[in-house]
Amino acid sequence: MESDVKLVPNPAIADLPLYNAGMNIEFARKVSGRSQIAALASNENPYGCSPKVRAMFASDLFDPSRYPDPGCTALREAISARTNVALENIVVGNGSEEIVAAISRAYLVTGSRALTVTPSFGLHEIDPIAAGATVTKIPMTQDMEFDIAALEVALAAKPAVFFLPTPSNPVGCTLGMLQLERLAAATSPETLVVIDEAFFDYQNEVDGTRFLARSGLNCVVLRTFSKAYGLAGLRVGYGLCSNA
Ligand SMILES: *Cc1c(COP(=O)(O)O)cnc(C)c1O
């Protein structure tokens, strides 16, 4: 029997924009009736993961009956050695998208203001809205570059969180080091800057950890094993934070 009582969802999540995660390859095979599919929609690594990862899964080292170390200590130590970021300033998530959601829950409440660019990665808008925030989206320029002047003006209004993806998904441009410096100079300590470097490994112009080193600013640099490392299915991403 159907109940007459209507469940009332959290109003912040009632009208969320849809997230387009790209079509799953098995689903694409099913709806197209074709087996040969070039799946490009989610920027997965067409070469797959390292054979060393496959070998690990076939070995006794992989034991899915056990809970993992909740502190991800071994992985954080390896990331620390590679990035020179202190162990206590590194956080690991179920994909970097979990860290986008966690930052939104932790730093945004009803009425907070978040800032990002458009077009951009859907969750940089969806997670802040779900937390009750309003999101200002600065359009990319006609040349499909970051509009640094407009972002400087928007940063002067001291948003609580600024999601900055570089290299940009889906536009493809990369912020230059001088542009990053300009944005750092325009940022107040009241703003948490989240530099989403999901495609960090595909360029060598800019390294967001340099922003972390700016004293007094609050910043998280997000990276992931999903793209260059070909491990999207494992859901492992991490954040490099300006303080613990
Ligand atoms: C793919 C992607 C992510 C999500 O990565 P996961 O670690 O798989 O959650 C985050 N940000 C951008 C810009 C991406 O393209």
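Model, not experiment: these values are computed from the prediction.

Focus: the environment of L178
So, step 1. With respect to the element layout, L178 can be found in helix α8 (residues 177-186).
So, step 2. For L178, a relative accessible area of 71% corresponds to the exposed category.
So, step 3. Separated by 28 residues in sequence, L178 and V206 place their C-alpha atoms 9.3 Å apart.

Section: the packing of helix α5 (residues 96-107) against helix α6 (residues 123-130)
Geometry of a packed helix pair, given as the angle between the helix axes and the separation of the axes.
So, step 1. Closest axis-to-axis distance for the α5/α6 pair is 8 Å, and the angle between their directions is 35°. Taken as a pair, α5 and α6 cross one another with a handedness that is right-handed. For the pair formed by α5 and α6, the contact residues are E97, V100, A101 and S104 on the first element and L123, H124, D127 and P128 on the second.
So, step 2. Considered class by class, the residues forming the contact of α5 with α6 number four nonpolar, two polar and two charged.

Description of the sheet that holds strand β3 (residues 134-139)
So, step 1. Overall, mixed pairing links the seven strands, which are arranged β1-β7-β6-β5-β4-β2-β3 in an open sheet. One side of each edge strand has no neighbouring strand; the edge strands of this open sheet are β1 (90-93) and β3. Ignoring strand direction, the axes of neighbouring strands in this sheet form an average angle of 20°.
So, step 2. The sheet contact formed by strand β5 (residues 192-196) and strand β6 (residues 218-224) spans five bridges and is parallel. Within β6, the position partnered with V193 by the bridge is C219.
So, step 3. With respect to the sheet, α6 is in contact with β2 (113-118), β3, β4 (161-165) and β5, its orientation differing from that of β3 by roughly 160°.

Cut-offs applied
Residues numbered from 1 in each chain as written. Predicted model: local features only at pLDDT ≥ 70, side-chain atom pairs only at ≥ 80, totals over all residues. Heavy atoms only, no water. Helix = DSSP H or I, 4+ residues; strand = E, 2+ residues; numbered from the N terminus. Buried < 20%, exposed > 50% of the residue type's maximum accessible area, 1.4 Å probe, protein only. Axes fitted to C-alpha atoms, helices over the stretch in contact; angles between N-to-C directions. Left-handed = near helix turned anticlockwise from the far one by under 90°. Contact = heavy atoms within 4.5 Å. Nonpolar A, V, L, I, M, F, W, Y, C, P; charged D, E, K, R; others polar. Pairing = 2+ DSSP bridges.

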